[in-house]
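Per-entry structural report
Read off the chains here:
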Amino acid sequence: MVRSKELLLIDSTTMTVGKTRLPWAPYHGERSAVKLHVALQDRNMQPLKVTETIGSKHDGPISESLESIDFINGYGSRLR
């Protein structure tokens, strides 16, 4: 019996603060930021994986690291 795959939701949230609070995470001008990238299970909204980066890191490469073969992945998927 073939089991259908569940949808995996991927999202990111950027949290900004003043430049002096996080000097290792420059963002824009006088701001610094960290970004949380989260993979959520669709059926119950439980986090499956969470990755933290500096705020200026692009979502694309990080979303690929959050993907799982056990789920349907849509965001960032492409043929290589």
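Residues numbered from 1 in each chain as written. Predicted model: local features only at pLDDT ≥ 70, side-chain atom pairs only at ≥ 80, totals over all residues. Heavy atoms only, no water.

Comments concerning the pattern of salt bridges
According to the stated counting rule, one finds three salt bridges in the structure shown. The partner of Glu 6 in a salt bridge is Arg 43, with the nearest N and O atoms 3.1 Å apart. Of this pair, Glu 6 sits in strand E1 (residues 6-18) while Arg 43 sits in the loop between strand E2 (31-41) and strand E3 (47-54), and the two are 37 residues apart along the sequence. For the salt bridge of Glu 30 with Lys 19, the shortest nitrogen-to-oxygen distance reads 3.5 Å. Residue Glu 30 is located in the loop between E1 and E2, and its partner Lys 19 is located in the loop between E1 and E2; the two are separated by eleven residues in the primary sequence. (Salt bridge = Lys/Arg side-chain N within 4 Å of Asp/Glu carboxyl O. Helix = DSSP H or I, 4+ residues; strand = E, 2+ residues; numbered from the N terminus.)

A look at the pairing of E2
Burial of E2 is extensive: nine of the eleven residues sit out of reach of the surface. Pairing of E1 with E2, which is carried by eleven bridges, proceeds in the antiparallel orientation. The residue bridging Ser 12 from the neighbouring strand is His 37, located in E2. As paired strands, E2 and E3 are joined by seven bridges and run antiparallel to one another. (Buried < 20%, exposed > 50% of the residue type's maximum accessible area, 1.4 Å probe, protein only. Pairing = 2+ DSSP bridges.)

Considerations on the pairing of E1
Two elements, E1 and strand E4 (residues 71-72), share two bridges in a ladder whose sense is parallel. When the sheet's bridge partners are listed, Glu 6 is paired in E4 with Phe 71.

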